[in-house]
Amino acid sequence: MSEQKIDNRLWSNTARNLSPYVPGEQPQHDNLCKLNTNENPFPPSPKVVEAISNALAQQADALRLYPAPESDELRTALADLYNLNLNQVFVGNGSDEVLALVFASFFLKERPVLSPDIGYSFYPVYAQTFGIELVQIALAEDFSIDPDTYRQPCSGIIIANPNAPTGLLLPLADIRKLASEHSNSVVVIDEAYIDFAQADANSDETEVSAVSLINDFENILVTQTFSKSRSLAGLRVGMAFGNASLIEALTRMKNSFNSYPLDKLAQAGATASVLDKPYFEQTCQQVIDLRESLTEQLTGLGYQVLPSHANFVFARPQDGNASEVAEVLREQGIIVRHFDKPRTKEYLRITVGTQEQNERLISALTAMQTE
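Residues numbered from 1 in each chain as written. Predicted model: local features only at pLDDT ≥ 70, side-chain atom pairs only at ≥ 80, totals over all residues. Heavy atoms only, no water.

Let's shift gears to the overall build of the protein. When helices and strands are counted, the protein shows eleven helices and 13 strands. On C-alpha atoms alone, the protein measures out to a radius of gyration of 21 Å, which is about the 21 Å that the 2.2 N^0.38 rule sets for 371 residues. Within the protein, the fraction of its 371 residues that count as buried is 50%. Residue pairs in contact within the protein that sit at least 24 positions apart in sequence constitute 73% of those at least 6 positions apart. For the protein, the computed accessible surface area is about 18000 Å², with 48% contributed by carbon and sulfur atoms. Taking the 28 positively charged and 47 negatively charged side chains of the protein as two groups, their mean positions are separated by 7 Å. (Helix = DSSP H or I, 4+ residues; strand = E, 2+ residues; numbered from the N terminus. Rg over C-alpha atoms; globule rule 2.2 N^0.38 Å. Buried < 20%, exposed > 50% of the residue type's maximum accessible area, 1.4 Å probe, protein only. Contact = heavy atoms within 4.5 Å. Areas by Shrake-Rupley, 256 points an atom, 1.4 Å probe, with all protein chains shown as cover. Lys, Arg positive; Asp, Glu negative; His and termini not counted. Charge placed at Lys NZ, Arg CZ, Asp CG, Glu CD.)

Dropping the structure here:
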């Protein structure tokens, strides 16, 4: 049967003019070494699978009934984890849905939203979807964020921290500065990778997550996800932390779109993940150790590697021929991410894999240099 031609005459102008987000490739090949979408190389806690199985076994008709609309058990576990009140915690169907609700709830059409020119590529899509002007602030030459460059009127600021795809960490002192200087705007810190971050040895601060600031700044909202550090990308669970007023706005917006964003199995599995703290801490440290080893090996091959605080590295081959390197790796079944943009085209974003995956990558890169 021939493929039907798309006729967009019945589409809304919004749908017709959108430039949708393009997710990382999910190829299906034998012996694939997949280092392109920042998934965790380790499985989730065994207690996650156990909790999901128990949720089905204990209630034969569990899937016939609607789930808890506010995911109270999961939110309670997260509140306890971060020493917050229940009304300071919000959960949604992946952090992407949470971020979409953020754009809809807090950012205004009359004033722009500020964001780095190199960051999560979904932000421009959200802005376009909701008709919001997005002003992208250039990163410094070393890819760092300078809070002084954000001194302009806005309805909000959104920054991934650690940033993607660079992996660089914005210190809490700079986040405090942004929140203080924009007290009438919501400052959103997107912490998808924060659990792989470590405080700078030369800093007086021991904390890296902006969750520690939300009781001091009513305009700071922090988003996180279960997809990275908790190995649950397939479960689709995201969360936000902020003062009760911000969380209430998100809840109102959620209930105007989808009042049941998390199914029963997702709630059970995510809650079990939060409660298994030892497993979480162990696997996070393993990823950090693997990241440091991978950075050292890439540097030994002449790559310029930015100091990453995420579960990936942003690396420039000695000759800047990132596109060529990515293609040669692909031919060998090793998939990495290349962003063909002016300031990033000479870099590769490489997810930290297992020891075996990292060794396969390094072997392939070494072979390229000796050919």
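Let us now look at the pairing of strand E3 (residues 113-116). Remember that side chains alternate between the two faces of the sheet whenever the strand is regular. Along E3, one buried face is formed by Val-113 and Ser-115 and the opposite face, lined by Leu-114 and Pro-116, is buried too. Where E3 meets strand E4 (residues 134-137), four bridges bridge the pair, whose relative direction is parallel. Its bridge partner being in E4, Ser-115 is matched across the sheet by Gln-136. One crossover worth recording links E3 to the parallel E4 by way of helix H5 (residues 123-129), and it is right-handed. Here two bridges tie E3 to strand E5 (residues 156-160), and the two strands are oriented parallel to one another. Counted as the bridge partner of Val-113 is Gly-156 from E5. (Pairing = 2+ DSSP bridges. Right-handed = clockwise from strand over helix to strand, strands pointing away.)

On strand E8 (residues 238-241), burial covers both faces: Gly-238 and Ala-240 on one face and Met-239 and Phe-241 on the other are all buried. Relative to E8, strand E2 (residues 89-92) runs antiparallel, the two being bridged by four bridges. The residue of E8 that forms the bridge with Val-91 is Met-239.

Quick look at the layout of surface pockets now. Within this model, the second largest pocket holds a volume of roughly 580 Å³. Around the second largest pocket, the lining is made up of 24 residues, and of these Tyr-82, Asp-195, Glu-207, Ser-209 and Phe-280 lie nearest the centre. Put simply, the parts of the chain that give the lining of the second largest pocket at least two residues each are helix H3 (72-82) and helix H9 (277-300). Tallying contributions element by element places H9 first for the lining of the second largest pocket, with six residues. (1 Å grid on protein atoms, 1.4 Å probe; cavity = no way out; pocket = protein on both sides within 12 Å on 5 of 7 lines; lining within 4 Å. Points joined across faces, edges and corners; volume = space filled by probe spheres on them.)

Our focus in this paragraph is helix H4 (residues 94-106). Over its 13 residues, H4 runs 19 Å from end to end, which matches the ideal 18 Å to within 8%, given 1.5 Å per residue. Every buried residue belonging to H4 is among Gly-94, Ser-95, Val-98, Leu-99, Ala-100, Leu-101, Val-102, Phe-103 and Phe-106, and all of these are buried. (Expected span 1.5 Å × (residues − 1).)

This part is about the packing of aromatic side chains. The description of an aromatic ring pair rests on the distance of the ring centres and on the angle between the ring planes. In this structure the tally under the stated criterion is eleven aromatic pairs. Judged by centre distance (5.0 Å) and plane angle (85°), the rings of Tyr-193 and Phe-312 are edge-to-face. One end of the pair, Tyr-193, is in the loop between strand E6 (186-190) and strand E7 (220-225); the other, Phe-312, is in strand E10 (residues 312-316), and 119 residues separate them in sequence. Neither Tyr-193 nor Phe-312 differs from the other in exposure class; each is buried. In this structure an aromatic cluster arises from ring pairing among Phe-103, Phe-107, Tyr-120, Phe-122, Tyr-123 and Tyr-126. Between Arg-230 and the ring centre of Phe-280, over which it is positioned, the NZ or CZ distance is 3.9 Å. (Phe/Tyr/Trp six-rings, centres within 6.5 Å; stacked < 30°, edge-to-face > 60°. Lys NZ or Arg CZ within 6 Å of the ring centre and 35° of its normal.)

Here we come to empty space enclosed by the protein. The final tally for this structure, using the stated rule, is two cavities of 30 Å³ or more. As a volume, the largest cavity reaches approximately 70 Å³. As for the largest cavity, its lining consists of Pro-43, Pro-44, Ser-45, Ser-229, Arg-230, Ser-231, Ser-273, Asp-276, Tyr-279, Phe-280 and Thr-283. In terms of residue count, the dominant contributor to the lining of the largest cavity is H9 (three residues). When its residues are assigned to classes, the lining of the largest cavity shows four nonpolar, five polar and two charged. Of the voids in this model, the second largest cavity is the one considered here, and its volume is about 30 Å³. Lining the second largest cavity are Leu-78, Leu-81, Tyr-82, Asp-195, Gln-224, Thr-225, Arg-230 and Met-239. Those elements giving two or more residues to the lining of the second largest cavity turn out to be H3 and E7. No other element matches the three residues that H3 contributes to the lining of the second largest cavity. Of the residues assigned to the lining of the second largest cavity, the class counts are four nonpolar, two polar and two charged. (Nonpolar A, V, L, I, M, F, W, Y, C, P; charged D, E, K, R; others polar.)

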